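Close look at the chain arrangement
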Amino acid sequence: MQSISTIDPVDDAAPMNIEAMARESREKLLTWALPVATLLAAIGAWEWLVWAYQIPHYLIPAPSLIAKTLWTDGPSLMGSAWFTVRLTFWSLSLAIIGGVLLGAVFALSRAVEMSLFPFAVILQVTPVVAIAPLILIYVDSTFAALLICAWIVGFFPILSGTVIGLRSADHNLRDLFTLYRATPWQRLRFLLAPSALPSFMAALKVAGGLSLIGAVVAEFVAGAAGQNTGLASRIIESSFRNEIPRMFAALVLVSMLGIVIFLLTTWASRRVLGHWHESEIRRDQ
Amino acid sequence: MKGDPIIRMDRVSKRFGTSTLAVSDMSLTINEGDFISFLGPSGCGKSTALKMIAGLLPVTSGTITIAPAKGKTEHDLGFVFQEPTLMPWATVQDNVFLPLRLAGVSRDGAASRVAEALREVGLTKFAGAYPRELSGGMKMRVSIARAMVTRPRILLMDEPFAALDEMTRSKLNNDVVRLANEHGLTVIFVTHSVFESVYLSTRVVVMAARPGRVADDLTVTVPWPRSEEWRISQGFSAEARRISDSLKGTLDAEHIDH
């Protein structure tokens, strides 16, 4: 996506602003180098503290030991990680489909919204840990049961973001579409959907993280019931066996999955809103 | 034909909910080629009247008749809002393309029309820009180009330049007059500026508030379109005074409450 910082055609012909380019590359360096350096420093400090105070690995393992565990237990952990990844992305996808469809229905009909909204709220406010055991009893397939739990968590933000977004279309633009006798489909396609994108993307960022949390919590409940599933159940299993380094290794994988989801949703948001919406526009100094 | 009645409002009233009448018993005949200003204080129902003509608000009672168009056009009415009302996610040319797109015209089929509309408002170079990259005056030009792209007979403008600076405003005033003249448009221009109404219009409909109604219907007899020089002439001052007095009469009559 090309980014236009100025509309003055004269500027195009002007010599490139060396200072601005230098500033930009410095900025780029800072956005990547600074957090990476800080992270490395923190890991280094952790390693040193464990070594210097001779902290036993069954209390806090050193990062190097965690890395070693990741390497040796990698193949078996990867299987579990893949389960969690599938669970998270399936639940997020279903949350998006369900949230957007129901949101569109809510935005179209006040009556439907009034009647169904309490259910959506009940789903949202009931802690998933509390319903998960029930769902695990009722649903035969463990994956399907966990999927329902994770879906419940991710669904509500998408629903409310979509409803707010669809309602936020500018009233003058609505009048304009009425004036030009737009069909309901044209109104949805050219006005309501683009207007809803900013709050939908914000909801997606929240729901992305929540889907992972939902998946992990559901796996914990299943793990406590003795069912072997994804990374969370490996964490429980390792804690039963007092294999603290493996707990940390699984935890690292969960965090990495969370980071990947965060980066993906952030990238998607920038991609979709970057050229027009205030929240994603980068301004020249 | 120029001079034939094109819009007829017959005893039109509008009431929002149970509040007082926003427009009361408004009767008006507008002829083809007229450049009419609805002039009045805020709350006099001038925007409401305009929106009823556009079909954006239903009338409570009375009728509004618009003479059917003879030539072929995608849409007979162009509307320019008080704010530019552009889609921030679409480029300038996509914003102008919108009315044709909604009428089912393909992008290719509309390309030359969109280009022409942009040329007429002097924004050809900015076809690919996004609204946020434009100044207030340029956004308004896009809004005008969008209203003109369907080749309407009637252009309705709801205080379009109220938020602009004096220089930009005066330039856009001239552009609108030029477009109206070149295309033989019938224009209804809502404003609260006496000077703007005098300079632009062939007829000024002075409106009073509570309830909103037509207080006076004055013809500006000076040949139209007018030159920039006329704006600083004594003739202009005299016309402005005449309309100003009429407007003042409506204000005195309602015992202004501030």
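The model shown is predicted, which means the values in this text are computed figures rather than measured ones. (Residues numbered from 1 in each chain as written. Chains lettered and ligands numbered in written order. Predicted model: local features only at pLDDT ≥ 70, side-chain atom pairs only at ≥ 80, totals over all residues.)

**Some remarks on the overall build of chain A**
Of regular secondary structure, chain A possesses 11 helices and 0 strands. Judged by the C-alpha coordinates and their principal axes, chain A covers about 70 × 60 × 25 Å. Looking at chain A as a whole, 34% of its 285 residues are labelled buried. Taking the intrachain contacts of chain A between residues at least 6 apart in sequence as the baseline, contacts between residues at least 24 apart amount to 75%. (Helix = DSSP H or I, 4+ residues; strand = E, 2+ residues; numbered from the N terminus. Buried ≥ 20, exposed ≤ 12 C-beta atoms within 10 Å, placed from the backbone. Contact = placed C-beta atoms within 7 Å.)

**Here we look at the domain arrangement of chain A**
Residues and elements named next belong to chain A. The domains assigned to chain A are domain 1 (25-55) and domain 2 (59-280). When each unit is reduced to the centre of its C-alpha atoms, the spacing between domain 1 and domain 2 is 30 Å. The interface is formed by 6 residues belonging to domain 1 together with 5 residues belonging to domain 2. Residue composition of the side of domain 1 that touches domain 2, grouped by class: 5 nonpolar, no polar and 1 charged. (Domains from an automatic or database assignment. Nonpolar A, V, L, I, M, F, W, Y, C, P; charged D, E, K, R; others polar.)

**Notes on the sheet that holds strand β1 (residues 5-15) of chain B**
Residue and element names in this part refer to chain B. Pairing is antiparallel in the open sheet, where 3 strands are placed in the order β2-β1-β4. Whereas interior strands pair on both sides, the edge strands pair on one side only; in this sheet they are β2 (21-31) and β4 (61-66). Direction aside, neighbouring strands of the sheet carry axes that sit 15° apart on average. Of the pairings in the sheet, the one linking β1 to β2 comprises 7 bridges and is antiparallel in character. Bridge pairing in β2 places I7 opposite I30. (Pairing = 2+ DSSP bridges. Axes fitted to C-alpha atoms, helices over the stretch in contact; angles between N-to-C directions.)

**Quick look at helix α7 (residues 142-167) of chain A**
All names here are of chain A. With 26 residues, α7 should reach 38 Å at 1.5 Å per residue; the first-to-last C-alpha distance of 38 Å fits that figure. Within α7, the axis deviates most sharply at G154, by approximately 30°, and proline P157 lies no more than four positions further along. Buried residues dominate α7, accounting for 21 of its 26 residues. (Expected span 1.5 Å × (residues − 1). Bend = angle between axes of the 7 residues up to and from the residue.)

**Structural notes on the domain arrangement of chain B**
Residues and elements named next belong to chain B. Domain parsing of chain B yields domain 1 (5-69 + 153-253) and domain 2 (86-152). The straight-line distance from the C-alpha centre of domain 1 to that of domain 2 is 25 Å. Counting residues at the interface gives 11 residues for domain 1, matched by 8 residues for domain 2. For the side of domain 1 that touches domain 2, the secondary-structure elements that each account for two or more residues are β6 (154-158) and α5 (166-183). Of all the elements, α5 adds the most residues to the side of domain 1 that touches domain 2, at 4 residues. Its residues assigned to classes, the side of domain 1 that touches domain 2 shows 8 nonpolar, 1 polar and 2 charged.

**Observations regarding the nonpolar core**
By size, the foremost hydrophobic cluster in this structure holds 142 residues, and its most contacted members are B:A145 and B:L156. No other element matches helix α9 (residues 184-224) of chain A, which puts 16 residues into this core. Excluding residues within four positions of it along the chain, B:L156 makes contact with B:L50, B:I53, B:A54, B:L77, B:G78, B:F79 and B:I188. (Core = buried A, V, L, I, M, F, W, Y, C linked by C-beta atoms within 7 Å.)

**A short note on the sheet that holds strand β7 (residues 186-191) of chain B**
All names here are of chain B. Taken together, the 6 strands give an open sheet; going across it, the order is β5-β6-β7-β3-β8-β9, and neighbouring strands pair in mixed fashion. In this open sheet, the two strands that pair with only one neighbour each are β5 (77-80) and β9 (213-219). Across this sheet, the average inter-strand angle for adjacent strands is 15°, counted without regard to direction. As paired elements, strand β3 (residues 35-39) and β7 share 5 bridges and run parallel to each other. Each residue of the ladder has a partner; that of S37, found in β7, is F189.

**Concerning the environment of A:P75**
Relative to the helices and strands, A:P75 resides in helix α4 (residues 74-108). Each C-alpha atom of the pair A:P75 and A:M114 lies 50 Å from the other, and the pair is 39 residues apart in sequence.

**Considering helix α4 (residues 136-148) of chain B**
All names here are of chain B. The end-to-end C-alpha separation of α4 is 19 Å, in line with the 18 Å expected for 13 residues at 1.5 Å each. Across the 13 residues that make up α4, a large majority, 11, are buried. Residues of α4 that are buried include every one of M138, K139, M140, R141, V142, S143, I144, A145, R146, A147 and M148, and no others. Residues of α4 that are buried make contact with β5, α2 (92-102), α3 (107-120), β6 and α5.

**Examining the pairing of β1(B)**
All names here are of chain B. Here β1 folds back onto β2, and the loop between the two strands holds 5 residues, one of which, G17, carries a positive phi near 60°. For β1 and β4, the ladder comprises 5 bridges, and the chain directions are antiparallel. In the strand pairing of β4, S13 is matched with S61.

**What to know about the environment of A:L94**
Residue and element names in this part refer to chain A. Here L94 shows up in helix α4. In this structure L94 comes out as partly exposed when scored by C-beta crowding, with 18 C-beta atoms within 10 Å. Residues L94 and S109 lie 15 residues apart in sequence; the distance between their C-alpha atoms is 22 Å.

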